[in-house]
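# Coordinate analysis (summary)
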There are 2 protein chains.
Amino acid sequence: MSLTIKLTISPRIINLNCHERNRTKFPAIRPKPIYHSNALNPILYSNKRPGMFQASVSGTVIKSSLIEPDGGVLVDVIVPESERGSKTLEAESLPKARLAKIDVEWVHVISEGWASPLKGFMRENEYLQSLHFNSLRMENGTVVNMSLPIVLAIDDETKESIGSSKDVGLVGPEGDLLAILRSIEIYKHNKEERIARTWGTTAPGLPYVEEFIAPAGNWLLGGDLEVLKPIKYNDGLDHYRLSPKQLRKEFDRRQADAVFAFQLRNPVHNGHALLMNDTRRRLLEMGYKNPILLLHPLGGFTKADDVPLDVRMEQHSKVLEDGVLDPETTIVAVFPSPMHYAGPTEVQWHAKARVNAGANFYIVGRDPAGMGHPTEKRDLYDPDHGKKVLSMAPGLEKLNILPFRVGFTTSNLSAKAPFLCIICHFWLASVTTS
Amino acid sequence: MSLTIKLTISPRIINLNCHERNRTKFPAIRPKPIYHSNALNPILYSNKRPGMFQASVSGTVIKSSLIEPDGGVLVDVIVPESERGSKTLEAESLPKARLAKIDVEWVHVISEGWASPLKGFMRENEYLQSLHFNSLRMENGTVVNMSLPIVLAIDDETKESIGSSKDVGLVGPEGDLLAILRSIEIYKHNKEERIARTWGTTAPGLPYVEEFIAPAGNWLLGGDLEVLKPIKYNDGLDHYRLSPKQLRKEFDRRQADAVFAFQLRNPVHNGHALLMNDTRRRLLEMGYKNPILLLHPLGGFTKADDVPLDVRMEQHSKVLEDGVLDPETTIVAVFPSPMHYAGPTEVQWHAKARVNAGANFYIVGRDPAGMGHPTEKRDLYDPDHGKKVLSMAPGLEKLNILPFRVGFTTSNLSAKAPFLCIICHFWLASVTTS
């Protein structure tokens, strides 16, 4: 029996244990672009093009040549600078709802159109469709994917204080006015049902549930958002947080004829890089001339034992500096969504959001958005369900799903024997017998 | 303030407590058609038309003029009599799986096409779509509703004994060979996930879960059914169990231009009758000339404190003999499905199955397929969610949903005040102020 593996895996990186917050292995984060040659820099950071990405609540249609945003229009609900003063004054006059940190992450996500066509926190009809069908039916009868309820919980007191007001001002954790929620609707927050239908379990110990749902209020507040100014975190990583609009423009500027997105919440390693290069090779073989990789680590809430974003971004930088990925054909950016760890339900959200950012190919591996069962000694989800559910998901028919595959071969093996990455639980290869 | 209610409610009937199995209130079941004039009798029970409803596994297209069955073809997987002998011999030679009583009910449901386009117990791709999306995408891209997983659980020993066989013989609880399952697929039965996603809770005490899922095996066996002969119960009620094919033929024979279905698992009363007559009146006002009512009590598994089927059928008979409903425009039949008590998820199944039987209007009331929370003092589901979810359900766009409404009026009331039936928790009216 002979075994030939074409993978080149750097022990320095693959031995990184993502279940330890071992920041000491990495130097302090450097607030510089991940590539010195990052083609986005002159566009994003130069003062020569003020207002180039100026936001508008008017919902300008942004279409890439590759894939339409869901609903046909990329949602952008950030108030134009010229209206900021008056809207802020108005917001001050409204009843208020206080946002938790997680809510601000969702405001960020909605405001830039990752959840298009969603223009705000879900009202009940959207919530019910998301919960039961993982999709929304549009007025014209088309269906868009929407697998996670994107909702804002409020408590009895807040509900009481809102009274019969149609609009509400949303206040950040620091007390600053962030947004107006228009034409609001308040409906019951049945936590048990939300949890059961989203996670497929109600077992105690689900990170998102424990942190944000269990302590939340018994009401949900839906409505259309107007966000007073772009959400920033001032953590030295904001320059990585490119909006779908920015990404689409950049794909077009680079004349991409295919964009393939790779979501990850764990450190990237050379095995991943090999996968991404292999995907590029496959796309070239399919006839695409200029496939662009969107390397897109998740930047919102992750559970306590995941590696923090700043460490991951630094580590991305290191891997990329090794030259394994080509800066000319790669864009690294941060996806601002929080993690639910809801497996097959959540992987649809991860893919759908990238469609809105202009990706028409999505790489999916083993057990996407999965985790161990919180109370039983097993994976919470069947590791193959994410890939299967994603391939069948309503509203994602237009997206090309690329199951994880890296070519390496063995001889005289009687069965397929994929190689499991000890860091991220990705299958690094499907092994073919010869 | 004046209140005028046009409802006529018979105290004798409305005082029936459906939470007691009080059979003594009713005389023994009479095995006669519910109407002496039941137009179906000569077709169903005459020997003059042998083979009129002869089953076929070839899936003959049965289209009514009103509404297509899901997938365009009414599934019929009952083996023709001419092939019964050879198929039975073949079934005897196959590895066997034993069916529980509930499984036989599902074999019945599938065999007659209530679950069209489903041709057998779900394979994993159907199961996952049902669980996550409440719908199935067909090969031509169209979507049909499929909200309940219709699956067959087997234990480790049965899985072992099936080995690598492609086909399996299905044996009834009495040991009789009932069917062949073709091109089988065995996959994991993750009970927790199935329960959570179907019921929106995993609380102990859900009747279907306790009775059938908790004690079931850890594997699901999917495949295409060939049912050796029509499923009969020999309980004196088989003549009420009309198949979708029989119902469609009867609607066409009566030249129905609208068919409105009323699902119930509780005793019918004059309030219901008023509702049904009111619905007919509304349909006539809409311009329909010959609306036919399908009065369709559920006949499969119900929880222990529901009124048993034979008592209910007898009680239907009594109400109908009062002449409140017109036999010329009403068909009473039994829907052979078991109850899940899964609220908004299950009401879609109830409606979808009636589409397959040719109904193009479906009456939905308060808290359909709902029940009390098994461990908390509240309804398990928001009473309005069933109606809302049904109206948004993928694959049911072609069905006209009729929310429960009976016209009666009040004067000088400041708000709507529907009247809640104490028996079945249906809102008997929406009250308009005048």
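Quantities reported herein were computed from a predicted structural model and do not represent experimental measurements. Residues take numbers from 1 onward in each chain, read along the sequence in its written order. For naming, the first written chain is A and the first written ligand is 1, with later ones following in the order written. For a predicted model such as this one, the threshold for reporting local features is a pLDDT of at least 70, and the threshold for listing and counting side-chain atom pairs is 80 or more; totals across whole chains, interfaces and linings nevertheless cover every residue. By convention in this description, side-chain values take in all heavy atoms of the structure and omit both hydrogens and water.

### Overview of the interface of chain B and chain A
For interface size, the figure often reported is the accessible area lost on association. Formally: Contacts are assigned to residue pairs with any non-hydrogen atoms lying within 4.5 Å of each other. Summed over both partners, the accessible area lost on bringing two parts together, with a 1.4 Å probe, is the buried area. By definition, a salt bridge exists where a carboxyl oxygen of Asp or Glu is found within 4 Å of a side-chain nitrogen of Lys or Arg. In DSSP terms, a helix is any run of H or I states spanning at least four residues, a strand is any run of E spanning at least two, and both are numbered starting from the N terminus. Ten residue types, Ala, Val, Leu, Ile, Met, Phe, Trp, Tyr, Cys and Pro, are classed as nonpolar, four, Asp, Glu, Lys and Arg, as charged, and the remainder, Gly among them, as polar.
Contacts between chain B and chain A engage 37 residues on the former and 37 residues on the latter. When the buried area of chain B at its contact with chain A is split by residue, B:Phe133, B:Arg197 and B:Met392 rank highest and sum to 23% of it. Across the contact surface, chain B and chain A share eight salt bridges. Breaking the side of chain B that touches chain A down by element, the ones donating at least two residues are α5 (124-133), α7 (191-199), α12 (343-356) and α13 (385-392) of chain B. For the side of chain B that touches chain A, the class distribution of residues is twelve nonpolar, 14 polar and eleven charged.

### What to know about unusual backbone geometry
Residues and elements named next belong to chain A. Residues serine 116 and proline 117 are joined by a peptide bond in cis, for which omega reads 10°. Here proline 117 lies in the loop between α4 (101-111) and α5 (124-133). Here asparagine 234, not a glycine, exhibits a phi torsion of approximately 50°, which is positive. For asparagine 234, the position within the fold is in the loop between β8 (219-227) and α9 (244-253).

### Focus: the UniProt feature "domain: ATP-sulfurylase PUA-like" (unreviewed entry) in chain A
Using the following cut-off: UniProt positions are given in the numbering used here, feature names are shortened, and annotations may be inferred rather than shown by experiment.
If you check UniProt for "domain: ATP-sulfurylase PUA-like" (unreviewed entry), the listed places come out as residues 67-229 of chain A in our numbering. Overall, residues 67-229 of chain A shows 35% helix and 22% strand. The separation of its end C-alpha atoms is 28 Å.

### A short note on the pattern of salt bridges
We apply this condition: For each residue, the accessible area found with a 1.4 Å probe, counting protein chains only, is set against the maximum for its type, and the residue is called buried under 20%, exposed over 50%, and partly exposed in between.
For the structure shown, the criterion picks out 50 salt bridges over all chains. Between A:Arg123 and A:Asp224 there is a salt bridge; the shortest N-O distance is 3.4 Å. Residue A:Arg123 is found in the loop between α4 and α5, and its partner A:Asp224 is found in strand β8; the two are separated by 101 residues along the sequence. Note on A:Arg123: relative accessible area 17%, which makes it buried. In this structure, B:Asp379 and B:Arg366 form a salt bridge, with 3.4 Å as the shortest nitrogen-oxygen distance.

### Side note on the relation of the copies chain B and chain A
We count it as follows: The copies were overlaid with a least-squares fit restricted to C-alpha atoms from residues scoring a pLDDT of at least 70 in each copy.
Overlaying chain B with chain A gives an RMSD of 0.0 Å, the required rotation being 180° about an axis along which the chain moves by 0.0 Å. Seen this way, the second copy is the image of the first under a two-fold rotation axis. By residue overlap, the copies meet face to face through one surface: 100% of the interface positions of chain B are interface positions in chain A.

### Some points on the packing of helix α7 (residues 191-199) of chain A against α7(B)
Let me state the cut-off plainly: Angular values range over 0 to 180 degrees, each being the angle between N-to-C directions of two axes fitted as lines to C-alpha atoms, with helices fitted over their stretch in contact. Throughout this description, any angle smaller than 35 degrees is read as roughly parallel, any larger than 145 degrees as roughly antiparallel, any in the 65 to 115 degree range as roughly perpendicular, and the remainder as oblique. By the definition used in this description, the sense in which the near helix is turned from the far one sets the handedness, with an anticlockwise turn below a right angle giving left-handed and a clockwise turn giving right-handed.
Relative to each other, α7(A) and α7(B) sit at 130°, their axes nearing to 7 Å. Relative to α7(B), α7(A) is oriented oblique. Along this stretch, α7(A) crosses α7(B), giving a crossing that reads as left-handed. Counted together, A:Ala196, A:Arg197, A:Thr198 and A:Trp199 of α7(A) and B:Ala196, B:Arg197, B:Thr198 and B:Trp199 of α7(B) form the full contact between these two elements. The class makeup of the residues in the contact of α7(A) with α7(B) is four nonpolar, two polar and two charged.

### Remarks on the sheet that holds β8(A)
In a beta sheet, neighbouring strands pair by backbone hydrogen bonds and run either parallel or antiparallel. Residues and elements named next belong to chain A. Where we set the bar: Paired strands, in this sense, are two strands between which DSSP finds at least two bridges.
Here five strands make up an open sheet; going across it, the order is β2-β6-β7-β8-β5 and the pairing mixed. The outermost strands of the open sheet, each flanked by one partner alone, are β2 (96-98) and β5 (153-154). Where β2 lies against strand β6 (residues 168-171), three bridges are found, and the strand directions are parallel. Residue lysine 96 lies in a different strand from β6, and its bridge partner there is glycine 169.

### Focus on the environment of B:Gly323
Residue and element names in this part refer to chain B. Turning to its location among the elements, glycine 323 is positioned in the loop between α11 (309-321) and β11 (330-332). For glycine 323, a relative accessible area of 51% puts it in the exposed group. For the pair glycine 323 and alanine 273, spaced 50 residues apart in sequence, the C-alpha separation works out to 9.9 Å.

### Quick word on the sheet that holds strand β13 (residues 400-403) of chain B
Residues and elements named next belong to chain B. Reading across from one edge, β11-β10-β9-β12-β13 is the order of the five strands in this open sheet, with parallel pairing throughout. Both edges of this open sheet fall to β11 and β13, since each of them pairs with a single strand only. For this sheet the average axis-to-axis angle between neighbouring strands, irrespective of direction, equals 25°. Lying on the sheet, helix α10 (residues 270-286) is in contact with β9 (258-264), β10 (291-297), β12 (361-364) and β13; it crosses β9 at an angle near 160°.

### Quick word on the pairing of strand β8 (residues 219-227) of chain B
All names here are of chain B. Burial runs high along β8: seven of the nine residues are buried. For strand β5 (residues 153-154) and β8, the ladder comprises two bridges, and the chain directions are antiparallel. Looking at β8, one finds that isoleucine 154 is bridged to tryptophan 219.

### Considerations on the environment of A:Ile363
All names here are of chain A. As for its placement among the helices and strands, isoleucine 363 is situated in strand β12 (residues 361-364). The class of isoleucine 363 is buried, set by a relative accessible area of 3%. Note: C-alpha distance between isoleucine 363 and serine 165 (198 residues apart in sequence) is 45 Å. Beyond its immediate chain neighbours, meaning those up to four positions away, isoleucine 363 contacts Phe260, Ala261, Phe262, Leu275, Thr279 and Leu402.

### Side note on the environment of B:Ala100
Residue and element names in this part refer to chain B. By secondary structure assignment, the location of alanine 100 is in the loop between β2 (96-98) and α4 (101-111). According to the relative accessible area criterion, alanine 100 is partly exposed, its value standing at 36%. As for alanine 100 and alanine 153, which are separated by 53 residues in sequence, their C-alpha atoms are 9.5 Å apart.

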